[in-house]
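Residue strings, one per chain:
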Amino acid sequence: MTTGRGAALRRARTARAEQASAISRRTMLRGTAAAGLVVAGGGLLTACGDDSGGGGGSDVVFSNWPLYIDVDEKDENKHPTLDAFTKATGLSVKYTEDINDNNEFFAKIQPQLAKGQDTKRDLIVLTDWLAAKMIRLAYVQKLDPTNLPDAQKNLDKRFMGNTWDPTRSYAYPWTQLATLIAYNAKATNGYEPKSVEDLLTAPQLKGKVALLTEMRDTVGMVMLSMGKKTESFNDDDYKAAIDKIQKAVDNQQIRRFTGNDYAQELQSGDIAACLAWSGDLIQIRKDSPDVKFVIPDHGYATGTDEMLVPIKAQHKANAEKLINFYYQPAIAAQLTASINYISPVSGVRDELLKLDPTMADNQLVLPSAETTAKAHAFRSLTEEEESRYEAMFSKLTGA
């Protein structure tokens, strides 16, 4: 099984951050609008914890992915937006970076959820496909709208009405993720791949193309290049995309399938072109100006990481207040300036530009209406489809 859009990216960042040599959301922070962020005093946080996720005396226990929140430049164990929440509400937060992989985390908490037990976590962030599964299995609680006035008011209309939570009764997005085409102009001798079809067939790129190990990203991008809609494809469409990728593998067009480790090879030119995650490209391009990105005319794959409250959470109302806090545009802007992912909060643009005016033309963080119109989500799968499609993709990639 693949692990969801951001999992490999985040795992790689975590490992490299530990080696003090890596792309990470923390290093991004120091190069952006960190100096303009509001740092409220007095918040009590922890950046690590045991597997239980237990909060002790904390008012909210929040589990998230590594390097996926703002940090204080002087103390990486402090998070300015969480400090501001504590100052505004008086509620303390235990913040734990213990989600490294969607499937791995689900396997850890599923036995408790299946028994109707408390996971010792009040708020968790999972990629949309797993969020949909959690809702389907009744593993999360229905949210109280009276605790979510800002979230209801400021959720960008693009994120309303999805198929698995059409009324936003169970989940609110943390960020939006996008899969684009990236290339090293020096390695391609100036050739610009404009579509996934170019990645799979252009002789200039033979043997120097990387696709992602994330099924929804790679297959989704290929289906879009074939004129299919990822929101409404069928078995034949999926198989045709798999066959197309297999042909490129057989022709040795594809160098390999990667997680976030495409970054270093793209910078060096060992990979000439690849599928890449938008949140990674800002720092890659800062370090390597030869790296360019393309938003293809046929569209791009997109998804979200979602905030959910597990069943039996001890502090449900407090978790809802934390969700709501991040839907204040000024707070959302602070988060976006730090992690460089697309915000789901309406009104964030004006606030973000107050912090960093250079973001105005950054399509990776503030996509235009034209760019947004090219975004396509991968439809929800049944359990049977999930198993079958993943097996086909795993066979293709050699996983």
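A few points on the structure. Throughout, a residue's number is its position along its own chain's written sequence, starting from 1. With pLDDT at 70 or above as the cut-off, local features in this predicted model cover only qualifying residues; side-chain atom pairs require 80 or more to be listed or tallied, and sums for whole chains, interfaces and linings still use all residues. Only hydrogens and water are removed before side-chain values are computed, so all heavy atoms of the structure are retained for them.

## What about the overall build of the protein?
Okay, step 1: The secondary structure content of the protein amounts to 16 helices and 10 strands.
Okay, step 2: Each residue is assigned to one of three classes by its accessible area relative to the maximum for its type, calculated with a 1.4 Å probe on protein chains only: buried under 20%, partly exposed between the two thresholds, exposed over 50%. Residues counted as buried form 60% of the 399 residues belonging to the protein.
Okay, step 3: Contact definition: two residues touch when any of their heavy atoms are within 4.5 Å. Taking contacts inside the protein between residues at least 6 apart in sequence as the whole, the part at least 24 apart equals 78%.
Okay, step 4: For accessible areas, the Shrake-Rupley method is used with a probe of radius 1.4 Å. Any residue's cover is judged against the shown protein chains and nothing else. Accessible area for the protein stands at about 15400 Å²; split by element, carbon and sulfur atoms hold 49% of it. Labels follow the DSSP assignment, with helices taken as runs of H or I lasting at least four residues and strands as runs of E lasting at least two, numbered in each case from the N terminus.

## Some points on the pairing of strand β9 (residues 300-308)
Okay, step 1: Where burial is concerned, most of β9 is hidden: 9 out of the 9 residues are buried.
Okay, step 2: On β9, burial covers both faces: Tyr300, Thr302, Thr304, Glu306 and Leu308 on one face and Ala301, Gly303, Asp305 and Met307 on the other are all buried.
Okay, step 3: The pairing of strand β3 (residues 123-127) with β9 spans 4 bridges and is classified as antiparallel. Among the inter-strand pairings, Leu126 is bridged to a residue of β9, identified as Glu306. Strand pairing is defined by DSSP finding a minimum of two bridges between the two strands.

## Looking at empty space enclosed by the protein
Okay, step 1: Any residue with an atom within 4 Å of a point lines the site, the site being either a cavity, points on a 1 Å grid over the protein atoms alone where a 1.4 Å probe fits but cannot get out, or a pocket, an open set with protein on both sides within 12 Å along at least 5 of 7 lines. Grid points are joined across faces, edges and corners, and a volume is the space filled by probe spheres set on the points. As enumerated under the stated definition, the model contains 3 cavities of 30 Å³ or more in all.
Okay, step 2: If you add up the space inside the largest cavity, you get close to 70 Å³.
Okay, step 3: The set of elements that each furnish at least two residues to the lining of the largest cavity consists of β4 (172-184) and α13 (329-339).
Okay, step 4: Residues were grouped as follows: Ala, Val, Leu, Ile, Met, Phe, Trp, Tyr, Cys and Pro as nonpolar; Asp, Glu, Lys and Arg as charged; and all remaining residues, including Gly, as polar. Its residues placed into classes, the lining of the largest cavity shows 10 nonpolar, 3 polar and no charged.

## Section: the pairing of strand β2 (residues 93-96)
Okay, step 1: Here β2 shows two buried faces, one formed by Val93 and Tyr95 and the other by Lys94 and Thr96.
Okay, step 2: Of the pairings in the sheet, the one linking strand β1 (residues 60-63) to β2 comprises 4 bridges and is parallel in character. Paired with Val61 across the strands is Lys94, a residue of β2.
Okay, step 3: Seen with its strands pointing away from the viewer, a crossover is right-handed if its path from the first strand over the helix to the second goes clockwise. For the handedness criterion, the β-α-β arrangement of β1, helix α3 (residues 80-89) and β2 is classed as right-handed.

## Things to note about the packing of aromatic side chains
Okay, step 1: Stacked, tilted and edge-to-face are the three classes assigned to paired rings of Phe, Tyr and Trp, where Trp is represented by its six-membered ring and a pair needs centres within 6.5 Å; plane angles under 30 degrees give stacked, over 60 edge-to-face, the rest tilted. This structure, assessed with the given rule, holds 15 aromatic pairs.
Okay, step 2: Ring geometry for Trp174 against Tyr326: centres 4.8 Å apart, planes inclined by 65 degrees, an arrangement best described as edge-to-face. Remark: Tyr326 occurs in the loop between α12 (316-325) and α13 and Trp174 occurs in strand β4; sequence separation between them is 152 residues. Here the two residues Trp174 and Tyr326 agree in accessibility, since each one is buried.
Okay, step 3: By definition, being over a ring means that NZ of Lys or CZ of Arg is both within 6 Å of the ring centre and within 35 degrees of the ring normal. The ring centre of Phe233 lies 4.4 Å from the NZ or CZ of Arg379, which sits over that ring.

## Quick word on the nonpolar core
Okay, step 1: In these notes, a set of buried Ala, Val, Leu, Ile, Met, Phe, Trp, Tyr and Cys residues joined through side-chain atoms within 4.5 Å is what counts as a nonpolar core. Core analysis: the biggest nonpolar cluster contains 115 residues, and Met134, Trp174 and Tyr262 have the highest contact counts within it.
Okay, step 2: Ranked by the residues each element gives to this core, the list is headed by β4, at 8 residues.
Okay, step 3: Setting aside anything within four residues of it in sequence, one finds Met134 in contact with Phe106, Ile109, Leu113, Ile124, Leu126, Tyr139 and Val140.

## So, the side chain of Thr372
Okay, step 1: Tracing the backbone through its elements, the reader meets Thr372 in helix α15 (residues 369-372).
Okay, step 2: For Thr372, a relative accessible area of 18% gives the class buried.
Okay, step 3: Apart from residues lying up to four places away in sequence, Thr372 is in contact with Arg158, Tyr300 and Pro367.

## Brief notes about the layout of surface pockets
Rolling a probe over the atoms, with the probe sized like a water molecule, indicates the empty space that remains.
Okay, step 1: In this structure, the largest pocket spans a volume of roughly 630 Å³.
Okay, step 2: Around the largest pocket, the lining comprises 32 residues; the ones closest to its centre are Asp128, Asn162, Trp164, Ala377 and Phe378.
Okay, step 3: Put simply, the parts of the chain that give the lining of the largest pocket at least two residues each are α5 (128-136), β9, β10 (375-377) and α16 (383-397).
Okay, step 4: By residue number, the principal contributor to the lining of the largest pocket is α5, which donates 5 residues.

## As for the environment of Thr336
Okay, step 1: Structurally, Thr336 is set in helix α13.
Okay, step 2: As for Thr336 and Thr175, which are separated by 161 residues in sequence, their C-alpha atoms are 8.6 Å apart.
Okay, step 3: Once you skip the residues sitting within four places of it in the chain, Thr336 turns out to touch Tyr341, Ser343, Val348, Leu352 and Val365.

## Some remarks on the pattern of salt bridges
Okay, step 1: Only one rule defines a salt bridge in this text: a Lys or Arg side-chain nitrogen within 4 Å of an Asp or Glu carboxyl oxygen. Summed over all chains, the structure comprises 19 salt bridges.
Okay, step 2: Arg136 is the partner of Glu383 in a salt bridge, and the nearest nitrogen-oxygen pair spans 2.6 Å. Of this pair, Glu383 sits in helix α16 while Arg136 sits in helix α5; the two residues are 247 residues apart in sequence, bridging distant segments of the chain.
Okay, step 3: Owing to a relative accessible area of 38%, Glu383 belongs among the partly exposed residues under this scheme.
Okay, step 4: Residue Glu320 is joined to Lys316 by a salt bridge in which the shortest nitrogen-to-oxygen separation is 2.5 Å.

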